[in-house]
Amino acid sequence: MSETAATLALMAPPEAVTAPAYTAEELARYDGIVERYTRHVYNIAYRMAGNEADARDLSQEAFLRVYRALRRVEPGAPLESWLYRIVSNLYIDLLRRRPKARLESLDAPLDTPRGEMVREFPDIAANPEAVFEREHIDGAIQQALGVLSPELRMVVVLSDIEGFAYEEIAAILRVPLGTVKSRLHRARQVLQQRLRPYVEARRGGWQR
Amino acid sequence: MNHHRAGRLLSAYVDSELTAAETRAVQEHLLDCADCRNAYENLRAMRELLAGLPPAEPPAEFWAGIRGPVLRARAAAAGAPEEGLRAAWAFARERLRSWVVVRRPGWALAAVLVVLALAALPLVKGTVDRLHATEIGVDLYVHDHALQMGSTPLVDRAYVGLVAGDAELVIAGETPRPAGDAAR
């Protein structure tokens, strides 16, 4: 894939590009982009970051970059890939800026006065029916996603949540197709382990 | 196809992302291998769980933030400064909100008021003290001069008492009189 000027402009930090005065058509185009992609961008940002405040920040920053580089984005260009890649990169930047404490893996044992402890996931032993409750399932999935490294998480979000094909994911993330496959394979192994009760409940549900 | 390789391909098989030849090979293996069939069903169930996640809805005020630059530009072009200001305000508020998240506005307001009160306290107190000091200062000045004048023989003592404006004032050389006499 060739790097166009527009892509470079989009990837550049915001200080490097200032928004010129746009014509009515150009503004309408930006509106169209917002209309079309905001929900997807926000959803991806939310699933990556796991909270509303960061999801807002990330999506807003992504669209601000589109706005500033609007004139360099050719009409009909595959903006989708750029936008999702920007969100992905912005998220990784965000992680770098955050203090280390926020980065610790949910998998890592916690040091407590009573020795090492592993975090408990939603207690479904106390409430077995919870495995069928949507709210409970959503929380467990988001928590399980948070355990994955950002690279693995992004692949899962694009594939299983946003429904992209492997080739599209490879284009968005600029990685080889084989990398998409192997990341997805690894990510799913971790998720399987984390979500076992829910997966089993779902399978049981089919047989009912 | 051996078990290990089939296991690695299952994830892509679930997504229908294998070549025709790979797909056939995995299908054949699945017929023979109960473990892989189980793993396949698990993968399928999990994919459905993830696909069933409802999309995260952006909050309503988020749209204003994203549209901010356009609304502003449009308003500026149309020569409607209030519209532009409003859009700018919405945009700025949304930007600010991402930095400052006030989870308990009531407590925040109370905290701000306490801080303001603490900051204002010395100011108010200082002003009161200063006013007080000026009052006392004038009194002392008048007293002093009245006393000095009282010691000169040619001055009307009743007048001095009047000027001093203080019934309790004891003019030098006189025995204290009951209140009010100095004015008479």
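What comes next concerns the included structure. None of the values given here were measured: they were computed from a predicted structure.

About the cut-offs
Sequence order sets the numbering: in each chain, residues are counted from 1 along the sequence as written. Here every chain gets a letter starting at A, and every ligand a number starting at 1, in the order they are written. Thresholds applied to this predicted model are a pLDDT of at least 70 for local features of residues and 80 or more for the giving and counting of side-chain atom pairs; totals over whole chains, interfaces and linings are not thresholded and use all residues. Secondary structure elements are taken from DSSP: a helix is a run of H or I of four residues or more, a strand is a run of E of two residues or more, and numbering for both begins at the N terminus. The exposure scheme places C-beta atoms from the backbone and then counts, for each residue, the other C-beta atoms within 10 Å of its own, assigning buried at 20 or more, exposed at 12 or fewer, and partly exposed in between. The contact rule is simple: place each C-beta atom from the backbone, and if two of them lie within 7 Å, those residues are in contact. Note on residue categories: nonpolar means Ala, Val, Leu, Ile, Met, Phe, Trp, Tyr, Cys or Pro, charged means Asp, Glu, Lys or Arg, and polar means any other residue, Gly included. The directions from the helix axis to the C-beta atoms form the arc being described. Angular values range over 0 to 180 degrees, each being the angle between N-to-C directions of two axes fitted as lines to C-alpha atoms, with helices fitted over their stretch in contact. Note on terminology: angles under 35 degrees are roughly parallel, angles over 145 are roughly antiparallel, angles of 65 to 115 are roughly perpendicular, and the others are oblique. Should the near helix be turned anticlockwise from the far one by less than a right angle, the crossing is termed left-handed; should it be turned clockwise, right-handed. As used here, a nonpolar core is made of buried Ala, Val, Leu, Ile, Met, Phe, Trp, Tyr and Cys residues. They are joined through C-beta atoms within 7 Å.

Per the secondary structure count, chain A includes 10 helices and two strands. Tracing chain A from N to C terminus, the helices and strands come up as α-α-α-α-α-β-β-α-α-α-α-α. The burial tally for chain A puts 35% of its 208 residues in the buried class.

Before going further, it helps to spend a moment on the environment of Val87(A). Residues and elements named next belong to chain A. Of note, Val87 is situated in helix 4 (residues 79–97). Taking C-alpha positions, Val87 is 9.6 Å from Gln60, a pair spaced 27 residues apart along the chain. Ignoring any residue separated from it by four or fewer positions in sequence, one finds Val87 in contact with Val41, Ile44, Ala45, Leu58, Ser59 and Ala62.

Take the interface of chain A and chain B next. On the side of chain B, 30 residues touch chain A, which itself brings 38 residues to the contact. If you list the elements that add at least two residues to the side of chain A that touches chain B, you get helix 2 (24–49), helix 3 (52–68), helix 6 (134–147), helix 7 (150–161), helix 9 (177–194) and helix 10 (196–207) of chain A. For the side of chain A that touches chain B, the element with the highest residue contribution is helix 2 of chain A, accounting for 10 residues. Taken together, the residues that form the side of chain A that touches chain B break down as 20 nonpolar, six polar and 12 charged.

The next thing to look at is helix 8 (residues 166–173) of chain A. All names here are of chain A. Along helix 8, the residues classified as buried are Tyr166, Ile169, Ile172 and Leu173. The arc that holds the buried residues of helix 8, viewed along the axis, is 120°, so those residues lie on one side. Here the buried face of helix 8 lies against helix 4, helix 7 and helix 9. Arg174 occupies a position one or two residues after helix 8 and carries a positive phi of about 55°.

So, about unusual backbone geometry. Even without being a glycine, Arg174(A) presents a positive backbone phi close to 55°. Inspection of the secondary structure assignment puts Arg174(A) in the loop between helix 8 and helix 9. Of the residues examined, Arg174(A) has 11 C-beta atoms within 10 Å and is grouped as exposed. If you check the backbone angles, Ser16(B) has positive phi at about 55° while not being a glycine. By the secondary structure assignment, Ser16(B) is in the loop between helix 1 (3–14) and helix 2 (20–32).

A word on the packing of helix 2 of chain A against helix 4 of chain A. Describing two packed helices takes the angle between their axes plus the distance from one axis to the other. Residues and elements named next belong to chain A. Between helix 2 and helix 4, the shortest axis-to-axis distance is 10 Å and the interhelical angle comes to 30°. The angle between helix 2 and helix 4 places the two elements in the roughly parallel class. Considering the relative orientation of helix 2 and helix 4, their crossing is right-handed. Along its contact with helix 2, which presents Ile33, Tyr37, Val41, Ile44, Ala45, Met48 and Ala49, the element helix 4 presents Leu79, Glu80, Leu83, Tyr84, Val87 and Tyr91. Grouping the amino acids of the contact of helix 2 with helix 4 by side-chain chemistry returns 12 nonpolar, no polar and one charged.

If you look at the biggest cluster of nonpolar residues, it comprises 71 residues, and the most contacted ones within it are Ala45(A), Val87(A) and Leu10(B). Here the element with the most residues in this core is helix 2 of chain A; it accounts for 11 residues.

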